Amino acid sequence: MKNRALFLYAFTYLAFLYVPVLVLPVFSFNNSEFIAFPLSGFTTRWYASLAADTAMQHALGNSLKVGLVTALLSTLLGLTAAKAVTHYRLKGAGAALGFISLPLFIPDIVLGISLLLLLGALGLPLSLAAVVLGHMLVCVPFSLTVLIARFEGFDRNLEEASADLGENGWMTFWRVTFPVMLPGIIASLLLTFITSFDEFLVAYFLSGTEATLPIYIWGQLRFPERLPTVLALGAIILTVSVGLVILAEYVRNLGVKKPMVGA
Amino acid sequence: MSFLSISQVSKSFGGPPVVDRVSLDVPRGEFFSLLGPSGCGKTTLLRMIAGFEAPDSGTIAIDGEVMNAVAPHQRPTNMVFQSYAIFPHLNVFDNIAYGLRKLKLPKDALRARIEAMLSTVRLEGLGNRAADQLSGGQRQRVALARALVREPKILLLDEPLGALDKRLREAMQLELRALQRKVGITFVLVTHDQEEALSLSDRVAVMEKGVILQVASPRDLYDRPSSRAVADFIGEINFFHATVRELSDETATINAGLLGVLTLPRANLAPGIKSDDHILLAIRPEHVGFAAPNFAGQSVTGEIAAATFLGERSHFHVRINGRSDPVAVSGNAPPVGPVHLVFPPEKLMGLPVSRDA
């Protein structure tokens, strides 16, 4: 009896989590402009209409650009900060980490408005570059978390061994630190890219006339007849996002030290 | 100047000195060990030879060249780390080839050199093995091969056998000794295991609290310790308080309290001991004898408090009157009942009563 109750609970829980998400792909194949049951037949025309939508494609291009640049810069900053925190006994390392992570706890809407006011005060134009800066605030903490965890399992003797075997600091980074850290770096790149790609609020405030994909979707919601197309787009983004997150998790766990085989 | 010359080297990490004015000379080709309990400064000294730590004062020279300002990657030393530090993303071959990049060897020559090294450390055919598929003993051999393939002037070994189980450790001790003879490279080994230091080394430096207590061959460390601390650290030993009565060129007459008045060879006293000095007489358990029933000489009566059978010989704790610590005796077939211990004067060593005794 107890098992059945537990099973029911788990089932409800999972349904609660995933049914709303599954609505998206289901209706994206529904042959009707109205989002309502019963379903009225299978179609791929919503997907086909995406291929002809140049405004959407432009927004997608913007999102990819912003996502890539954000991922690269956040991971670079995360990498240097994570190495500093884990390798050297720094005064105030804990406080610095706290400060870096703080944007995680600031509501995005507050962050967006603050950045908007700041840019205005400095006389800087709203642009995709401004969006990148805003996204980096959100993404560096993610990158840092992934990379610190990876560095903590990193045997410092490896770098000393490299020096001992004749390599200077730069070559040691290139031949040892970077390849050993690579799974963490890739995981960080994927996670920060996804975070930036999906982010709406900060981008909404800072992007000016250039829309990113989430902003474009938001704009489309005003036109009821466009809704199925938006659902199709949403289904694609969902699939790719989930795929990337799974990939990031897989890569992050790659090469994590297995227990040493007994002698 | 000797091959490895360490002169008045000190190092502290903000607190009391970890290495305190240490001087050492190691000739070329020697198997030298730094022996001491953890925290005695032996690893710090080794890391200063490798260049990972800089001495606060003093100089370190290798083959006539002062090394203080030379970066680790430019020193003619290579190290076997306690954790082995095998590069996890490289296979065995690439681990060993890591330090040969700058030689720019043609592919064939590189392969030949690494194959030769693999066979030296008995890892033939394992070149393609991934780092995480090696046993503890194999990792140790890869670490050795990776260091030796660069033909360093000095090979530094930081507790290289500590991570291995007892049987493998004993096998590797023999191999390490044979390997050092074969390659002829100067080895400096750090260990807290006295048995390991004694069985491997040509000479051993015993360290404690950042200073070197004694540098000697394993035989001399055992038979002629210079202080109580060394005698205590190397093997088991019994101490008796005593006073020097008379010294001549050849002999020393000692009032040894419970053991009576004894005459020992003058050479058995540590240098610097003078007449009327209060000293410690030390004797190894295997040198204390059980007197035969008809023994006519000097002996001390006691009672066996504990006995441990060890096969060929047994180990006993013997209580004697007027002394709280039992006397450790290692020997054979004691008679039943009270025993009579014999302390051969030629086996007694006279040591100064040190500050911390």
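As a starting point, this report considers the structure included with it.

Check the secondary structure of chain A and you find eleven helices and zero strands. Along the chain direction, N to C, the helices and strands of chain A fall in the order α-α-α-α-α-α-α-α-α-α-α. Taken along the three principal axes of its C-alpha coordinates, chain A extends 70 × 65 × 35 Å. Across the 263 residues of chain A, 32% fall into the buried class. Look at the contacts in chain A between residues 6 or more apart in sequence, and 78% of them connect residues 24 or more apart.

All right, on to the nonpolar core then. Counting 138 residues, the largest nonpolar core has Ile-96, Ala-145, Leu-156, Val-188, Val-206, Leu-281 and Leu-341 of chain B as the members making the most contacts within it. No fewer than three residues from each of domain 1 (4-229) and domain 2 (236-352) of chain B sit in this core. Leu-213, Ile-217, Val-230 and Ala-235 of chain A belong to the second-largest nonpolar core, a separate cluster that totals 14 residues.

The next thing to look at is unusual backbone geometry. Residue and element names in this part refer to chain B. Residue Lys-104 is not a glycine yet carries a positive backbone phi of 50°. Mapping Lys-104 onto the fold places it in the loop between helix 2 (92-97) and helix 3 (107-120). Phi at Glu-159 takes a positive value of approximately 45°, unusual for a residue other than glycine. You can see Glu-159 is positioned in the loop between strand 7 (154-158) and helix 5 (166-183). We classify Glu-159 as buried; it has 20 C-beta atoms within 10 Å.

All names here are of chain B. Where strand 1 (residues 4-12) meets strand 2 (residues 17-26), six bridges bridge the pair, whose relative direction is antiparallel. Bridge pairing in strand 2 places Ser-12 opposite Pro-17. Linking strand 1 to strand 2, which pair antiparallel, is a turn of four residues; within it Gly-14 sits at a positive phi near 95°.

Another point: the interface of chain B and chain A. In this complex, chain B contributes 24 residues to the contact, which on the side of chain A involves 19 residues. Among the secondary structure elements, those contributing two or more residues to the side of chain B that touches chain A are strand 6 (77-80) and helix 4 (136-148) of chain B. Per element, the largest residue contribution to the side of chain B that touches chain A is three residues, and it comes from helix 4 of chain B. Tallied by class, residues from the side of chain B that touches chain A come to eleven nonpolar, eight polar and five charged.

What follows concerns the packing of helix 3 (residues 54-87) of chain A against helix 10 (residues 213-220) of chain A. A pair of packed helices is captured by two measures, namely the crossing angle of their axes and the spacing between those axes. Residues and elements named next belong to chain A. The contact between helix 3 and helix 10 brings their axes to 7 Å, and the two run at 150°. As judged from the angle between their axes, helix 3 and helix 10 are roughly antiparallel. Counting all contacts with helix 3, which are made through Ala-55, Met-56, Ala-59, Leu-60 and Ser-63, the residues of helix 10 involved are Leu-213, Ile-215 and Tyr-216. Of the residues assigned to the contact of helix 3 with helix 10, the class counts are seven nonpolar, one polar and no charged.

Basis of the calculations
The residue count restarts for each chain, going from 1 along the sequence in the order it is written. The order in which chains are written sets their letters, starting at A; the order in which ligands are written sets their numbers, starting at 1. Given that this is a predicted model, residues contribute local features only at a pLDDT of at least 70 and side-chain atom pairs are listed and counted only at 80 or more, while totals for whole chains, interfaces and linings are drawn from all residues. For the purposes of this entry, the term helix denotes a DSSP run of H or I that reaches at least four residues, the term strand denotes a run of E that reaches at least two, and both are numbered from the N terminus. Exposure in this text rests on C-beta crowding, where 20 or more other C-beta atoms within 10 Å of a residue's own make it buried, 12 or fewer make it exposed, and counts in between make it partly exposed. The C-beta atoms are placed from the backbone. By the criterion used throughout, residues are in contact when their C-beta atoms, derived from the backbone, lie within 7 Å. We define the nonpolar core as any set of buried residues of the types Ala, Val, Leu, Ile, Met, Phe, Trp, Tyr and Cys, connected via C-beta atoms lying within 7 Å of each other. Domain delimitation follows an automatic or database domain assignment. At least two bridges found by DSSP between two strands are what make those strands a pair. For this classification, Asp, Glu, Lys and Arg are treated as charged, while Ala, Val, Leu, Ile, Met, Phe, Trp, Tyr, Cys and Pro are nonpolar and the rest, including Gly, are polar. Fitted lines through C-alpha atoms give the axes, limited to the stretch in contact for helices. The angle between two N-to-C directions lies from 0 to 180 degrees. Working rule for angles: under 35 degrees goes down as roughly parallel, over 145 as roughly antiparallel, 65 to 115 as roughly perpendicular, anything else as oblique.

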